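Chain residues, written in single-letter form:
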Amino acid sequence: MKTERQLLDLSLLPCHQLTGVVKKLSERLLRLGIHCVQDVLFHLPLRYQNRTEIRPMRQLMPGDPVVVQGEIDDVTQPKVGRTRAMIRIKDATGHLYLRFFHMTASQCHTLQPGTVLTCFGEVRLGTRGLEMVHPEYHIGTVNISVQEEDSLTPIYPATDGITQTMLRKLTKQALQLVTNGGVLKELLPSSLLKTIAFPTLQEAIQFVHRPPATVSVEKLMQGQHDFQKRLAFEELLAHRLSLLQLKKSFQTQRAFSLKNQGILSFDFLRQLPFELTRAQKKVAEEVRHDLNEPHPMLRLVQGDVGSGKTAVAALAILQAIESGYQAAVLAPTELLAEQHFHVFTHWLTPLQIQVVLLSGQMKTAAKREALKRLVEHQAHVVVGTHALFQKNVQFAKLALVVVDEQHRFGVQQRAQLREKGTYNHCYPHQLIMTATPIPRTLAMSVYADLDYSVIDELPPGRTPITTRVIANTRRDEVLERIRIAAASGRQAYWVCTLIEESDVLQCKAAENTAKELTAFLPNIKIGLLHGKMKNAEKEEVMAAFKRADIHLLVATTVIEVGVDVPNASLMVIENAERLGLAQLHQLRGRVGRGAVASHCVLMYQAPLSYFAKERLAVMRETTDGFHIAQRDLELRGPGEVLGTRQTGEVALRMADLLRDSELLPQVEHMADQLQQEYPDSIPLLIKRWLGKQQDYGHV
Ligand code: ADP
Ligand code: MG
């Protein structure tokens, strides 16, 4: 150790003070976000291995993380590409293959028959039998009982040029510093810690890096130890605090206050053929209130599919326009942008409001015209897709951005649009609408930087959708249903799904299905809709479907969001087992929008996996978006459900939002207390846990 034994703040001690950290390594450590010794200690293991016992090869099972010891008895290398190798090792009970895709020259030299190896790795079933791929190994026998003391072996997140061995050496030194009086600051106030009865930070850190070998690896992976909970709590707290700070920083920014009499809104509501639901009125009121303020609104409106979010957005837009500003509506797909364009044109033109569309596919001349009208303030509302982010899009006076189906847009993209609307040091207000219902506690922690409203009621007069799950082999019955629906003047969707990632193949499949269905259903007018069609073609098909000139619309999942044709009452989804719950719910939400009873048929290809079966069962049992979201969380985990906001942007190290959700109320409480009584701890906590991702949420 280069440093003397003294009271050292480990958050101020740079990594290169540790033995073995040369310049190159410290540069690589930066890639893992590790700057100081404290960062080393908060670089937490992903999993653990029990290396305190050697497993006889005869007992190996695929999936086992194990230690084996044996002698190389065969090395196979291809004639070309000699860095690849299959190495066989044997012990008294059996053998195992080691598969290397790339070996260094020195590895080629040392890994020869007769060499004894101790290998650590996960066993899997390979082409020749059980194998380990690129195992960690030591040459010779290792006296397991004294090796690695008597703790489980941590496996860390690593990167090119940083091995597990290096990370273990570093954490070992860092832990020794803690034992020898290096300071790992306790940032949770002791009065508050007592009420929760958590172990100390030092104990917790020591435990997670080197858990005693007596602890079960399985239990550790479930994160149920007090020490783990302690860290999970602190991490969730840090995340919440950082989002709250972000929110605070918005509140100090300026925006145009859109206070007015609401004449346009009044006129709009009078011409609307329905009355707003109680929930729509409540949320619209919250939005109106926000827009009156001279600070940018940042509000998330959650409302199940069909709950009428568009009307709420329209009211916000009218408020901006009445005050003399413009509004932009951002949609995730071309199709949805066009649909919004039609709806807003239909609603707003009678009020002398000019709406323009800006889509990626538009002809240059049309685009230029739309851009001109925007910058000259002849247009009040622009509806568009990603095309709105382009540099040449300029506004005269943008004061409101509406983002529909927010989960499709990254935080970065929204930030770009926000900057566009900045002039006179004012930011545009943002209204974000999503149909992904998230349980409240979860939403509160993930979206703590946003204000949050829920439209928790559907417009009246909707009849519930009945859902049936049937095998692909019973296609005839489905065709019969379509005939019946068409005969009684109703319309249907047929959604094709494909495993292939490729859009082209998806579209091809839809084309083929449309052909096939046309042959089977000669008296029924069938339309086709997919992502590769030209805008004009798509619009034509949608318009024909709206006019009921088309009875059956065969489509890819492009119709997932927003498409609104109330007379369509039958939804057929082919290979429904391939889709997630959220997507199925969105798709099903295309029907059940009118007064007639609607049906959804989920066709599947047997055999079904456990999860696929569960998903289809959930769909059959309920149409409640919140219930579906809860089940989705349980089946998939929050990372996937929440999309980009969780993956990458807010990667959690220790906590798991679902597993640790019982901590969230306490986290909320402590965050409030820290803000009031211990504000100095806040930046330290955020730095410790979020480090360089700190500014992930600058929206
Ligand atoms: P979503 O929340 O999924 O975006 P939409 O805004 O597309 O829902 O609304 C779904 C349908 O319900 C549209 O046809 C819309 O005109 C209609 N709608 C909205 N609000 C009401 C209401 N209060 N009463 C009756 N119909 C409504
Ligand atoms: Mg919508």
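Preceding block: the structure.
What you are looking at is a predicted structure, and each value in this text was computed from that prediction instead of being measured.

Re the packing of helix H10 (residues 278–292) against helix H11 (residues 309–322)
Move 1: Relative orientation of the contacting elements H10 and H11 amounts to 25 degrees, with a least axis distance of 10 Å. Looking at the two axes, H10 sits roughly parallel to H11. As H10 runs across H11, the sense of the crossing is right-handed. Contact residues: H10 offers Gln 280, Val 283, Ala 284, Val 287, Arg 288, Leu 291 and Asn 292, while H11 offers Ala 311, Val 312, Leu 315, Ala 316 and Gln 319.
Move 2: Residues belonging to the contact of H10 with H11 are distributed by class as follows: 8 nonpolar, 3 polar and 1 charged.

Notes on the site of ligand 1
Move 1: Contacts to ligand 1 come from 16 residues, most closely from Glu 275, Gly 306, Thr 310, Arg 462 and Asp 564.
Move 2: Take Glu 275: an N or O atom from its main chain is 2.8 Å from a nitrogen atom of ligand 1.
Move 3: In isolation ligand 1 offers 570 Å² of accessible surface; the protein chains occlude 85% of this area.
Move 4: Tallied by class, residues from the shell around ligand 1 come to 4 nonpolar, 6 polar and 6 charged.

Things to note about the nonpolar core
Move 1: Residues Leu 237, Ile 317, Phe 344, Leu 348, Leu 400 and Leu 431 are the most contacted members of the largest nonpolar core, which totals 138 residues.
Move 2: When neighbours within four sequence positions are excluded, Leu 348 is seen to be in contact with Ile 317, Leu 318, Ile 353, Val 355 and Val 381.

Some details on the environment of Gln 491
Move 1: Mapped onto the fold, Gln 491 is located in strand S18 (residues 491–495).
Move 2: On a C-alpha basis, the gap between Gln 491 and Arg 254 in space is 49 Å, while along the polypeptide they are 237 residues apart.
Move 3: Excluding residues that lie within four positions of it along the chain, Gln 491 makes contacts with Phe 545, Ala 548, Ile 550, His 551, Val 565, Asn 567, Ala 568, Ser 569 and Leu 570.
Move 4: Reaching out from Gln 491, the side chain makes a polar contact with the backbone oxygen of Phe 545 at a distance of 2.6 Å.

Observations concerning the pairing of strand S3 (residues 85–90)
Two faces belong to every sheet, and in a regular strand the side chains alternate between them.
Move 1: The pairing of strand S2 (residues 65–76) with S3 spans 5 bridges and is classified as antiparallel. Across the sheet, the residue bridging to Asp 74 is Arg 88, located in S3.
Move 2: Where S3 lies against strand S4 (residues 95–100), 6 bridges are found, and the strand directions are antiparallel. Each residue of the ladder has a partner; that of Ile 89, found in S4, is Leu 96.

A closer look at the environment of Asn 575
Move 1: Among the structural elements, Asn 575 can be located in the loop between strand S21 (568–573) and helix H19 (581–588).
Move 2: Along the backbone, Asn 575 and His 380 are 195 residues apart, and their C-alpha atoms lie at a distance of 43 Å.
Move 3: When residues no more than four places from it in sequence are discounted, the contact partners of Asn 575 are Asn 472, Thr 497, Met 603 and Gln 605.
Move 4: At 3.0 Å, the side chain of Asn 575 forms a polar contact with the side chain of Asn 472.

Procedures and definitions
- Residues numbered from 1 in each chain as written.
- Chains lettered and ligands numbered in written order.
- Predicted model: local features only at pLDDT ≥ 70, side-chain atom pairs only at ≥ 80, totals over all residues.
- Heavy atoms only, no water.
- Axes fitted to C-alpha atoms, helices over the stretch in contact; angles between N-to-C directions.
- Helix = DSSP H or I, 4+ residues; strand = E, 2+ residues; numbered from the N terminus.
- Parallel < 35°, antiparallel > 145°, perpendicular 65-115°, else oblique.
- Left-handed = near helix turned anticlockwise from the far one by under 90°.
- Contact = heavy atoms within 4.5 Å.
- Nonpolar A, V, L, I, M, F, W, Y, C, P; charged D, E, K, R; others polar.
- Near = heavy atom within 4 Å.
- Polar contact = N/O pair within 3.5 Å; in protein donor to acceptor, adjacent residues only side chain to side chain.
- Areas by Shrake-Rupley, 256 points an atom, 1.4 Å probe, with all protein chains shown as cover.
- Core = buried A, V, L, I, M, F, W, Y, C linked by side-chain atoms within 4.5 Å.
- Buried < 20%, exposed > 50% of the residue type's maximum accessible area, 1.4 Å probe, protein only.
- Pairing = 2+ DSSP bridges.

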